[in-house]
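# A closer look at the structure
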Number of protein chains: 2
Amino acid sequence: MNNFDFFNPVRIIFGKDTIAQLPELLPRDTKIMMTYGGGSIKKNGVYDQTIKALEGFDFIEFGGIEPNPHYETCMKAVEIIKRENTGFLLSVGGGSVLDGTKFIAAAAKWEKGDPWDIPAKKLPLKSAIPLGCIITLPATGSEMNCNSVVSRESTHEKFDFHDPAVYPKFSIIDPECTYSLPERQTINGIIDSFIHVVEQYMTYDVNTPIQDRFSESILRTLIEEGPKVLENPFDYESRANIFWSTSMALNGLISAGAVQDWCTHMIGHELTAAYGLDHARTLACVMPSVWRYKFEDKKQKLAQYARRVWGLNCDCDDFAAKQAIILTEEFFHAVKMPTKLAAFGIDAKEAAAEVMRRFEAQGRLFGEHQDIDAAAAFKIVENA
Amino acid sequence: MNNFDFFNPVRIIFGKDTIAQLPELLPRDTKIMMTYGGGSIKKNGVYDQTIKALEGFDFIEFGGIEPNPHYETCMKAVEIIKRENTGFLLSVGGGSVLDGTKFIAAAAKWEKGDPWDIPAKKLPLKSAIPLGCIITLPATGSEMNCNSVVSRESTHEKFDFHDPAVYPKFSIIDPECTYSLPERQTINGIIDSFIHVVEQYMTYDVNTPIQDRFSESILRTLIEEGPKVLENPFDYESRANIFWSTSMALNGLISAGAVQDWCTHMIGHELTAAYGLDHARTLACVMPSVWRYKFEDKKQKLAQYARRVWGLNCDCDDFAAKQAIILTEEFFHAVKMPTKLAAFGIDAKEAAAEVMRRFEAQGRLFGEHQDIDAAAAFKIVENA
């Protein structure tokens, strides 16, 4: 096991009717800004539940945070916060609203020039406005980490940052809020969480049996629960188990002491940037191709995954690992997620050239061996 | 899954040579009290490493915290803290030193009369002196929770309390510190952790696949790593994996949303009180007997455990569950832990009468169905 530093102070309030616990969690001695997105919370009852729980608190609303939250939108909130002397942020919505709120929290306390430097230059924060959230979409895991991704519309830039100062003080997870999700978002969330785990697990062995088995626990649970929730969107237990899988997938626990990859995400980000394809869709197409391209490097872990997650009873690592890739693709298809770019009308060869061009411009190397360069990315996307 | 509230803000610094990171973790603007026990840290090098790391800090030492830390000893530290205006506690040692330090931290800020009320009456804390620890014994899990058990010598009372105010700010875990542990303590730690998991897992199903699989992950890891570390006490990887298992076993994660038992612990505490038997030894004798006594209630989970942790390929729940009990006893024996009180010179029938008497005096009910009374405890201990 590698040395590690693990810290995750987020309080999770999980279960039915938990939005009603808001009054015990919010400060009464400062003005609160409630942030949200495009209004889906007004349709599914979350907005009304929140407003009811906020009775007696001094609060203002800031709606309109878009998917892939814009720096420009967030800075409008910062202006209001400074003017209104707001001391707490309550994010109500999915991962984008929460990511935007994390950036707002950081930017409102930033004193060293343009807050865009926080994600662009990954500068450490001195402090941030404390925040909490009601999270309504199981996907990004943002409710239990200190990560945020923000986009700048004017320059077409998209950067992430992570800083302990923006850990939510609390995250309320009521799985019933997810009943009304469009199927596409439910599917994207399952795949996104699955691949978050894979990026921290499907690398090479440094003797981390707890972390490996925790990863396998999440993967197996997603495989079992995913199809159930598509079958019956009102299955509370499956909604709950998927949401908890999502939070566990990216809270630092399974990567502590282990080796991480993230090359699927790096390639996926470029495909989203180039073609506007949903994040999870890019991942679903790229991941199997990464596994095949790095087959020898990942074979031992793929075989372990085949045996433990898929119950494959087979001594041959090579065969088990190959079967694991096929079984995973079949699972993706079972939850209605294609694994080829062609299914989304994108020509893989053309996309490969585009991604290669972008990787060449960046000049960075990715993957657990830091050996995925532009040429490797071309080959991966070509077969996606 | 049941609703839950999960919060664990402990920062874990894990790995080789991590004591050297102390200077980045400690406050420089207040006096620090370093607490420790009977001096084993002076033999294994931990004391020297700590003193070296404390160079330049304003600190005092308080040694002599005994196993099952005494209220009386802790109150001496409280007196010094108040006199010396100490603002941070650094616990260096095992779970007892840390439990004592948690009580000291709470008592030093207690303003409502006798601090013994904190554990005796489970009164909530308003605040506590912040504390951190270097933990040298994988067993109690105290390094990653806010629990503490304190004994009062003068009245022969022993009470626990838990309060978020006494979460360690950080816990340094260097598995190399455990190389020099006496074998008996290594064994006790493995069994203690194993049974911590069992108490939160071997109950009944409320649809918690993540929590179940995380529990199974820890159990399987202890089963694999336990014998290795007895074979070779200097096996870093096994020491590391056992320590991380221990911390994960009692940090709130596997019980979140699940159903808990704790009846083995309740009976075990009385056996320790009556016969002075090591905590882990009492648990090892009581647990299999609890499983047999509550066989029907626990059969489904026992069978799941048989299949997932022991790889038993068998359709019959009854057979699988019975095999699981035998395999668990065999594992305990493999790590040199007896599972019968007779092995420790205690007559089970006599002990059963003694435990029954104590349970009758308490009048409380235990177990996941709250149906373990004095008569049930008699039957459990009789077969232990």
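Residues numbered from 1 in each chain as written. Chains lettered and ligands numbered in written order. Predicted model: local features only at pLDDT ≥ 70, side-chain atom pairs only at ≥ 80, totals over all residues.

## Observations regarding the overall build of chain A
Basically, it comes down to this: The helix count covers DSSP runs of H or I at least four residues long, the strand count covers runs of E at least two residues long, and both are numbered beginning at the N terminus. Computation of the radius of gyration draws on C-alpha atoms alone. For the globule rule, the value is 2.2 Å times the number of residues to the power 0.38. Throughout, a residue-residue contact means that the two C-beta atoms, derived from backbone geometry, are no farther apart than 7 Å.
When you go through chain A residue by residue, the secondary structure sums to 15 helices and 9 strands. Over its C-alpha atoms chain A spans a radius of gyration of 21 Å, differing by no more than 12% from the 21 Å that the globule rule assigns to 384 residues. On the principal axes, the C-alpha backbone points of chain A span a range of 65 × 45 × 45 Å. In chain A, 77% of the contacts between residues at least 6 apart in sequence involve partners at least 24 apart.

## Side note on helix α8 (residues 209-231) of chain B
Our working definition: What a helix should span is 1.5 Å times the count of its residues minus one. One axis fitted to the seven residues ending at a residue, another fitted to the seven starting there: the angle between these axes is the bend at that residue.
Across its 23 residues, α8 of chain B extends 34 Å between first and last C-alpha, which sits within 8% of the 33 Å expected from 1.5 Å per residue. Along α8 of chain B, the helix axis deviates most sharply at Glu 225 of chain B, where the bend reaches about 30 degrees; the proline Pro 227 of chain B sits within four residues downstream.

## Here we look at the interface of chain B and chain A
Rules: By the convention adopted, Pro, Cys, Tyr, Trp, Phe, Met, Ile, Leu, Val and Ala count as nonpolar, Lys, Arg, Asp and Glu as charged, and the other residues, Gly among them, as polar. A pair of strands is labelled paired if DSSP reports no fewer than 2 bridges between them.
Listed per partner, the contact involves 31 residues of chain B and 31 residues of chain A. Residue assignment for the side of chain B that touches chain A shows that the elements contributing at least two residues are β1 (4-6), β2 (11-14), α8 and α9 (236-249) of chain B. Looking at the side of chain B that touches chain A residue by residue, the classes come out as 15 nonpolar, 9 polar and 7 charged. In this structure, strand β1 (residues 4-6) of chain A lies alongside β2 of chain B, joined through 3 bridges in antiparallel fashion. Opposite Asp 5 of chain A, over in β2 of chain B, you have Ile 13 of chain B as the bridge partner.

## Quick look at the sheet that holds strand β3 (residues 31-35) of chain B
Which entries qualify depends on this criterion: Fitting a line to C-alpha atoms yields each axis, with helices limited to the stretch in contact; the angle taken between N-to-C directions then spans 0 to 180 degrees.
Judged by pairing direction, the sheet is mixed, and its 7 strands sit side by side in the order β1(A)-β2(B)-β9(B)-β6(B)-β5(B)-β3(B)-β4(B) without closing on themselves. Each edge of the sheet is formed by a strand with only one pairing partner; in this case those strands are β1 of chain A together with β4 (59-62) of chain B. Along the sheet, successive strands turn relative to each other by an average axial angle of 15 degrees, direction set aside. Here β2 of chain B pairs with strand β9 (residues 170-173) of chain B via 4 bridges, running parallel. The residue of β9 of chain B that forms the bridge with Arg 11 of chain B is Phe 170 of chain B. Most of the contacts of helix α4 (residues 71-84) of chain B go to β3 of chain B, to which it runs at about 165 degrees, and overall it touches β3, β4 and β5 (86-93) of chain B.

## A look at the relation of the copies chain B and chain A
Selection rule: In this comparison the copies share one frame, found by least squares on the C-alpha atoms of residues holding pLDDT of at least 70 in both.
Between the two copies, chain B and chain A, the superposition gives an RMSD of 0.0 Å; the rotation angle is 180 degrees and the shift along the axis is 0.0 Å. Classification of the inter-copy transformation places it as that of a two-fold axis. No C-alpha of chain B approaches the rotation axis more nearly than that of Pro 9 of chain B, which lies at 1.9 Å. Of the interface residues in chain B, 100% have counterparts in chain A that sit at the interface too, so the contact is made through matching surfaces.

## Structural notes on the packing of helix α7 (residues 183-201) of chain A against helix α8 (residues 209-231) of chain A
All names here are of chain A. Under the convention used in this document: Orientation is classified from the angle alone, with under 35 degrees giving roughly parallel, over 145 giving roughly antiparallel, 65 to 115 giving roughly perpendicular, and any other angle giving oblique. Put simply, a crossing is left-handed when the front helix is turned counterclockwise from the back one by less than a right angle, and right-handed when it is turned clockwise.
Two numbers describe how α7 lies on α8: the axes approach to 10 Å, and their chain directions differ by 165 degrees. Looking at the two axes, α7 sits roughly antiparallel to α8. The element α7 and its partner α8 pack so that their crossing is left-handed. Residues Glu 183, Thr 186, Ile 190, Ser 193, Phe 194, Val 197, Gln 200 and Tyr 201 of α7 lie in contact with α8, whose contacting residues are Asp 212, Ser 215, Ile 218, Leu 219, Leu 222, Gly 226, Val 229 and Leu 230. For the contact of α7 with α8, the residue count by class is 9 nonpolar, 5 polar and 2 charged.

## Looking at helix α12 (residues 295-308) of chain B
Counted at 1.5 Å a residue, the expected span for α12 of chain B with its 14 residues is 20 Å, and the 18 Å between its end C-alpha atoms agrees. In the structure, α12 of chain B departs most strongly from a straight axis at Lys 301 of chain B, where the bend amounts to approximately 35 degrees.

## Re the packing of helix α10 (residues 263-275) of chain B against helix α11 (residues 279-293) of chain B
Residues and elements named next belong to chain B. Here α10 crosses α11 at 135 degrees, and the two axes come no closer than 8 Å. With respect to each other, α10 and α11 are oriented oblique. In this structure, α10 meets α11 at a crossing whose hand is right-handed. On the side of α10, the interface is formed by Cys 263, Thr 264, His 265, Ile 267, Gly 268, Leu 271 and Thr 272, while α11 contributes His 279, Thr 282, Leu 283, Val 286, Met 287 and Val 290. Within the contact of α10 with α11, the residues separate by chemical class into 7 nonpolar, 6 polar and no charged.

## Side note on the sheet that holds strand β6 (residues 131-135) of chain A
Taking strand neighbours across the sheet as the criterion, the 7 strands line up as β4(A)-β3(A)-β5(A)-β6(A)-β9(A)-β2(A)-β1(B) in an open arrangement whose pairing is mixed. Edge positions in the sheet fall to β4 (59-62) of chain A together with β1 of chain B, since each has one partner strand and no second. This sheet shows a mean twist of 15 degrees between the axes of neighbouring strands, independent of strand direction. By the bridge criterion, 3 bridges tie β6 of chain A to strand β9 (residues 170-173) of chain A in an arrangement that is parallel. Note that in β9 of chain A the partner of Ile 134 of chain A across the bridge is Ile 172 of chain A.

## So, the environment of Asn 85 of chain A
Residue and element names in this part refer to chain A. Just so we agree on the cut-off: Three classes are used. A residue is buried when 20 or more other C-beta atoms lie within 10 Å of its own, exposed when 12 or fewer do, and partly exposed in between, with C-beta atoms placed from the backbone.
Assignment of secondary structure puts Asn 85 in the loop between α4 (71-84) and β5 (86-93). The exposure class of Asn 85 is exposed, given the 8 C-beta atoms found within 10 Å. Taking C-alpha positions, Asn 85 is 28 Å from Asn 8, a pair spaced 77 residues apart along the chain.

## Details of the domain arrangement of chain A
Residues and elements named next belong to chain A. Filter applied, for reference: Domain boundaries shown here were taken from an automatic or database domain assignment.
According to the domain assignment, chain A consists of domain 1 (11-177) and domain 2 (182-382). Put simply, the middle of domain 1 and the middle of domain 2, counted by C-alpha atoms, are 28 Å apart. At the interface, 13 residues of domain 1 touch 18 residues of domain 2. Tallied by class, residues from the side of domain 1 that touches domain 2 come to 7 nonpolar, 3 polar and 3 charged.

## Side note on the environment of Ser 217 of chain B
Its location among the elements puts Ser 217 of chain B in helix α8. We classify Ser 217 of chain B as buried; it has 25 C-beta atoms within 10 Å. On a C-alpha basis, the gap between Ser 217 of chain B and Arg 308 of chain B in space is 9.3 Å, while along the polypeptide they are 91 residues apart. Leave out the neighbours within four places in its chain, and Ser 217 of chain B touches Ile 210, Arg 213, Phe 214 and Ser 217 of chain A.

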